[in-house]
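If you want the building blocks of each chain, they are given just below.
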Amino acid sequence: MPEPALENDAYEVLTEKKEECGLFGIFGDPDAVQKTYLGLHALQHRGQESAGIASSDGQFIQCYKGMGTVRRVFRSGSDTLERLKNPIAVGHVRYSTTGSSKVVNSQPLLAEYSRGQVAVAHNGNLINAGLLRDEYEAYGSIFKSTSDTEVIVHLLAKPTHQSKPDSLGHVLNHLQGAYSLIFLFADHIEAARDPFGIRPLCIGQTEEGHYVVASETCALDAIGAKFVREVEPGEIVRLDKYGLHSRFFVRRESVTPAHCIFEHVYFSKQNSLIFGENVHGLRKKLGRQLAREHPVEADVVIPVPDSGTSAAIGYAQESDIPFDMGLVRSHYVGRTFISPDQKLRELEVNLKLAIIKEVVHDKRIVVVDDSIVRGTTTRGKIRVLRQAGAKEIHMRVSCPPIRFPCHYGVDFPTKEELLANDRTLEQIKEFLEVDSVGYLSLPGMLSCAALPQDHYCAACWSGRYPIPVDVALNKFSMERYQLYMFEEFATANE
Ligand code: SF4
């Protein structure tokens, strides 16, 4: 059996929210593969279940992928990166949203069809993937994976789609849902974003002039590339030996964007610029607005690291209460292999999220977190703060209560499992065992963002989905046959 992914386990204990994949692609750079590797490292926060790189010498594509973090898949000492060395490359880090976490569903997804090879990297969730798959299976298509992404390859290969003047644009018009995509063909790259621009995707350029596409600008920073612009919703950009070319597969004015504002609240990295503004800056604004909406008398403001830190700084600045670090997260502790006993599990959490007793003892503290999903993880942190001698604990959350599932690529638990689903604020306060609780309002959150309020998706708070969802998919919607269990077993024993 393969070893477990240590970094991922450490992450599991500390958060209830899971990211949804990161993409990177670069054209024409002699160090394309190494830069893809660095770019994927910078995007590691978007997915830790699997990682992969596909590269091309202009004629043939080769691909290497595996389970775990980038560091684990491309181990130091192995010659994988050297063997992949080519001037065109795309990479992917995954957290599974449709299709369970196994190597057959890892990406880039490499396939061959009548026009040659293609490797696909996808961030998002196709809400009509089940219907499309049914349709293709009815005509005899055979699927190798259980991920939603594979339907795109089948759409590409369909002869009537290939005969269209813009076959890729034609294919994308069949997809519904959230998708930022990078396609590696043998001699060029194409990157596309869904018409609503739900997930981010940006363009950069290296000092030597080579074009790059990535989920977030933090990946451009990691390789010293400058930010050029975002890929527009409904746009396809082509990177080839002639440079960068743009075209649109929908009429631009026909769709109002629906950028996922949770990217700003939690998913994206603080140093990234997405949807036109810096993530850290917006999170600080959320914290300031939170302080205006839910003031409290206290001695110190502490963040739940790392994603609550920027909002906590904003809260402290606005409320004039000192900011301090009461919780310290260890990035180095992996799976401890202790028994699943509750008491020992709590100790494990303590190991990964340590308390600075001197900061919290005998203090009235404001704890700022970016969001709460089930609430059990948050309650665990509150308990250890209480044990460390906190006199009062006031929970402040820099987004509204999450009451609805996401169908566009974020793996929240079911509606029934969400803390705020059927609880009043008073019941949430009791559940969390805090002295008070305050969530940022929906108008307050949207007022902090730079774009018009109707340019964001906020469906997990409001229940108003920008793309109607007829049949909700979950991670296992396409796990239809026992066959896959045997396949996974075989893969694990290779
Ligand atoms: S439902 Fe929530 S997490 Fe999903 S895309 Fe919309 S804002 Fe983002």
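Residues numbered from 1 in each chain as written. Predicted model: local features only at pLDDT ≥ 70, side-chain atom pairs only at ≥ 80, totals over all residues. Heavy atoms only, no water.

## Details of the overall build of the chain
Within the chain, the regular secondary structure consists of 19 helices and 23 strands. A total of 494 residues make up the chain; the buried ones form 57% of that total. In the chain, 70% of the contacts between residues at least 6 apart in sequence involve partners at least 24 apart. Carbon and sulfur atoms make up 52% of the accessible area of the chain, which totals about 20200 Å². (Helix = DSSP H or I, 4+ residues; strand = E, 2+ residues; numbered from the N terminus. Buried < 20%, exposed > 50% of the residue type's maximum accessible area, 1.4 Å probe, protein only. Contact = heavy atoms within 4.5 Å. Areas by Shrake-Rupley, 256 points an atom, 1.4 Å probe, with all protein chains shown as cover.)

## Brief notes about the pairing of strand β5 (residues 109–113)
Alternating residues of β5 divide into Leu109, Ala111 and Tyr113, all buried, and Leu110 and Glu112, none buried. As paired strands, β5 and strand β6 (residues 116–126) are joined by 5 bridges and run antiparallel to one another. When the bridges of β6 are listed, alanine 111 appears paired with valine 118. Turn length for the β5-β6 hairpin, with the two strands adjacent in sequence and antiparallel, is 2 residues. (Pairing = 2+ DSSP bridges.)

## Describing the site of the ligand
Every residue lining the ligand is accounted for by Ile198, Arg199, Cys260, Phe262, Cys406, Tyr408, Val410, Cys457, Ala458, Ala459 and Cys460. When each cavity is represented as a set of grid points, the ligand is found to reside in the largest cavity. (Near = heavy atom within 4 Å. 1 Å grid on protein atoms, 1.4 Å probe; cavity = no way out; pocket = protein on both sides within 12 Å on 5 of 7 lines; lining within 4 Å. Sits in = over half its atoms within 2 Å of the grid points.)

## Details of the packing of aromatic side chains
Tallied over the full model, the rule gives 9 aromatic pairs. When the ring of tyrosine 408 is compared with that of tyrosine 465, the centres are 6.2 Å apart and the planes differ by 75°; the resulting orientation is edge-to-face. Here the residue tyrosine 408 occupies a position in the loop between β21 (392–397) and α16 (425–432), and tyrosine 465 occupies one in the loop between α18 (459–462) and α19 (483–492), the gap between them amounting to 57 residues. Note on tyrosine 465: relative accessible area 24%, which makes it partly exposed. By way of ring pairs, the aromatic residues Phe262, Tyr266, Phe267, Phe412 and Trp461 are connected into one cluster. Between the NZ or CZ atom of arginine 379 and the centre of the ring of phenylalanine 431, over which it lies, the distance is 4.2 Å. Seen from the ring of phenylalanine 431, arginine 423 lies directly overhead, with NZ or CZ sitting 4.7 Å from the centre. (Phe/Tyr/Trp six-rings, centres within 6.5 Å; stacked < 30°, edge-to-face > 60°. Lys NZ or Arg CZ within 6 Å of the ring centre and 35° of its normal.)

## Side note on the sheet that holds strand β7 (residues 177–185)
Read across the open sheet, the 6 strands follow the order β5-β6-β7-β8-β12-β13; overall the sheet is antiparallel. Each edge of the sheet is formed by a strand with only one pairing partner; in this case those strands are β5 and β13 (243–248). Within this sheet the neighbouring strands show an average axis-to-axis angle of 20°, counted without direction. For strand β8 (residues 188–193) and strand β12 (residues 235–240), the ladder comprises 4 bridges, and the chain directions are antiparallel. Bridge pairing links alanine 191 to valine 237 in β12. Where helix α6 (residues 150–157) meets the sheet, its contacts fall on β5, β6 and β7, and the angle it forms with β5 comes to roughly 20°. (Axes fitted to C-alpha atoms, helices over the stretch in contact; angles between N-to-C directions.)

## Here we look at empty space enclosed by the protein
Throughout the structure, instances matching the rule amount to 2 cavities of 30 Å³ or more. If you add up the space inside the largest cavity, you get close to 90 Å³. The wall of the largest cavity is formed by 13 residues, among which Arg199, Cys260, Cys406, Cys457 and Cys460 lie closest to the centre. In terms of residue class, the lining of the largest cavity is made up of 12 nonpolar, no polar and 1 charged. (Points joined across faces, edges and corners; volume = space filled by probe spheres on them. Nonpolar A, V, L, I, M, F, W, Y, C, P; charged D, E, K, R; others polar.)

## A word on the pattern of salt bridges
Evaluated as defined, the whole model comprises 25 salt bridges. Ionic pairing is found between aspartate 240 and arginine 238, a salt bridge with its closest N-O pair at 2.8 Å. Residue class for aspartate 240 comes out buried when judged on its relative accessible area of 8%. A single network of salt bridges, built from pairs that share partners, joins Asp166, Glu190, Arg238, Asp240 and Arg247. (Salt bridge = Lys/Arg side-chain N within 4 Å of Asp/Glu carboxyl O.)

## Thoughts on unusual backbone geometry
With an omega of 5°, the peptide bond between glutamine 107 and proline 108 qualifies as cis. Turning to its location among the elements, proline 108 is positioned in the loop between β4 (88–94) and β5. With an omega of 0°, the peptide bond between proline 305 and aspartate 306 qualifies as cis. Phi is positive for phenylalanine 275, which is not a glycine, with a value near 50°. Secondary-structure assignment places phenylalanine 275 in the loop between β15 (273–274) and β16 (277–278).

## Comments concerning the side chain of serine 106
On the secondary structure map, serine 106 appears in the loop between β4 and β5. At 2.6 Å, the side chain of serine 106 and the backbone oxygen of valine 103 are in polar contact. (Polar contact = N/O pair within 3.5 Å; in protein donor to acceptor, adjacent residues only side chain to side chain.)

## Brief notes about the nonpolar core
Ranked by internal contacts, the top residues of the largest apolar core, which has 73 residues, are Phe262, Ile302, Ile365, Met395, Leu432, Met445 and Trp461. Examining the composition of this core, we find that 5 residues originate from one element, helix α11 (residues 279–293), more than from any other. In contact with tryptophan 461, other than residues within four places in its own chain, are Ile261, Phe262, Val265, Cys399, Pro400, Pro401, Ile402, Phe404, Leu442 and Met445. (Core = buried A, V, L, I, M, F, W, Y, C linked by side-chain atoms within 4.5 Å.)

## Focus on α11
Over its 15 residues, α11 runs 21 Å from end to end, which matches the ideal 21 Å to within 8%, given 1.5 Å per residue. Regarding α11, its N-cap is asparagine 278, as a side-chain oxygen of that residue lies 3.2 Å from the backbone nitrogen of histidine 280 further along. (Expected span 1.5 Å × (residues − 1).)

## Quick notes on the side chain of threonine 146
Assignment of secondary structure puts threonine 146 in the loop between α5 (129–138) and α6. Within the local environment of threonine 146, its side chain forms a polar contact with the side chain of asparagine 105, the two groups lying 2.8 Å apart.

## Considering the sheet that holds strand β17 (residues 300–303)
The strand order across the open sheet formed by 4 strands is β17-β20-β21-β22, and the pairing between neighbours is parallel. Of all the strands in the sheet, the pair left with one neighbour each is β17 and β22 (436–439). This sheet shows a mean twist of 20° between the axes of neighbouring strands, independent of strand direction. For β21 and β22, the ladder comprises 4 bridges, and the chain directions are parallel. Along β22, the bridge assignment pairs methionine 395 with valine 437. Helix α15 (residues 376–387) rests against β17, β20 (364–369) and β21 of the sheet, and its axis sits at about 150° to β21. Here α16 sits on the sheet and contacts β21 and β22; the angle it forms with β22, its principal contact strand, is near 125°.

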